[in-house]
Amino acid sequence: MTLHTSQTIMRKSLHHELVDRLQTLIINSELKPGTKVPEKQLCDQFGVSRTPLREALKVLASVGLVRLEPNRGAWVTQVTQEEVEEVFPVLGALEALSGELACKHITDAEIEEVRALHAQMIESYERRDLDAYFSINQKIHRAILMAARNGTLTTSSQALSLRMQRARYLANISESRWYDAVQEHEKILQYLVARDGPNLAGTLLNHMDAKRASVVKWLQSQDTAGVA
């Protein structure tokens, strides 16, 4: 198999770059859930030795993206309904808190950046470019998180978001859910511009719960297809 992110990595910031590349492969399902990580192939393609690759895999194991097995290597973990039901409510609460704090600290310039990202996201929606939509969507949520000005919140939220990001990517979003998500983002922008912390928090919480329901529905459909 040929993986798209296969360019040789420069030595500068090698560890962080490896972690980012591997995360991308897992989130995009180029390294599929339940499969063994092809360490030798990745070393050859990235131009690195096994030691830095395995250090990067340890980081991914710490956030639940891979499972390390003695004498068997690293395996991409499966996304389960139990994990989704457990993690999404916590992630939703963190998103809600980030919205409240962001409304207290966000600058006019940062609001304009979110507004510009929102416009780009709408364009990707109108083109039905799901990959671009997901990418910009993540930038919007990260911008709100960073505007909260809380390092502990940022660290906790990003770790959980990584675990769930691939679940949202795997779950084929329905046309109706996609429309609803865009409408929810319209409200998110509206409340952010107004610096309305309570309403932004509630909207973000409901937004994450709708994502949870969408992912659970997709996982259940996969289980049913497997039984059939």
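All values reported here derive from a predicted model rather than from experimental measurement. (Residues numbered from 1 in each chain as written. Predicted model: local features only at pLDDT ≥ 70, side-chain atom pairs only at ≥ 80, totals over all residues. Heavy atoms only, no water.)

Chemist: Would you mind going over the nonpolar core in detail, with residue names and values included?
Modeler: If you look at the biggest cluster of nonpolar residues, it comprises 23 residues, and the most contacted ones within it are Tyr-133, Ile-140, Ile-144, Val-182, Leu-192 and Leu-200. Among the elements of the structure, helix 4 (81–105), helix 5 (108–127), helix 6 (130–147), helix 8 (175–193) and helix 9 (197–227) are those that each provide at least two residues to this core. Per-element tally for this core: the top contributor is helix 8, with seven residues. When residues no more than four places from it in sequence are discounted, the contact partners of Ile-144 are Ser-98, Gly-99, Ala-102, Ile-188 and Leu-192. Among the nonpolar cores identified, the runner-up in size contains 21 residues, and Leu-22, Val-37, Leu-42 and Val-66 belong to it. (Core = buried A, V, L, I, M, F, W, Y, C linked by side-chain atoms within 4.5 Å. Buried < 20%, exposed > 50% of the residue type's maximum accessible area, 1.4 Å probe, protein only. Helix = DSSP H or I, 4+ residues; strand = E, 2+ residues; numbered from the N terminus. Contact = heavy atoms within 4.5 Å.)

Chemist: Help me get a handle on the packing of helix 6 against helix 8, residues and values and all.
Modeler: The interhelical angle for the contact between helix 6 and helix 8, taken along N-to-C directions, is 30 degrees, at an axis separation of 13 Å. In terms of their interaxial angle, helix 6 and helix 8 are classed as roughly parallel. For the element pair helix 6 and helix 8, the recorded crossing hand is left-handed. Within the contact between the two elements, helix 6 uses Leu-130, Tyr-133, Asn-137, Ile-140, His-141 and Ile-144 and helix 8 uses Trp-178, Ala-181, Val-182, His-185, Ile-188 and Leu-192. Here the contact of helix 6 with helix 8 is built from residues that sort into nine nonpolar, three polar and no charged. (Axes fitted to C-alpha atoms, helices over the stretch in contact; angles between N-to-C directions. Parallel < 35°, antiparallel > 145°, perpendicular 65-115°, else oblique. Left-handed = near helix turned anticlockwise from the far one by under 90°. Nonpolar A, V, L, I, M, F, W, Y, C, P; charged D, E, K, R; others polar.)

Chemist: Go over the packing of aromatic side chains, please, and point to the residues and values.
Modeler: On inspection of all chains with the given rule, the structure shows three aromatic pairs. Look at Tyr-125 and Trp-178: their rings are 5.3 Å apart centre to centre, the planes differ by 75 degrees, and that puts the pair in the edge-to-face class. Here Trp-178 lies in helix 8 and Tyr-125 lies in helix 5, a separation of 53 residues in the sequence. There is no split in this pair, since Tyr-125 and Trp-178 are both buried. For the pair Tyr-133 and Trp-178, a centre-to-centre distance of 5.3 Å together with 75 degrees between the ring planes defines the contact as edge-to-face. You can see Tyr-133 sitting in helix 6 and its partner Trp-178 sitting in helix 8, a full 45 residues away along the chain. Overall, Tyr-133 belongs to the buried group, its relative accessible area being 2%. Taken together, the aromatic side chains of Tyr-125, Tyr-133, Phe-134 and Trp-178 make up a single cluster linked through ring pairs. The lysine or arginine in question, Arg-128, covers the ring of Tyr-125, its NZ or CZ lying 4.3 Å from the ring centre. Over the ring of Trp-178 we find Arg-128, and its NZ or CZ is 5.6 Å from the ring centre. (Phe/Tyr/Trp six-rings, centres within 6.5 Å; stacked < 30°, edge-to-face > 60°. Lys NZ or Arg CZ within 6 Å of the ring centre and 35° of its normal.)

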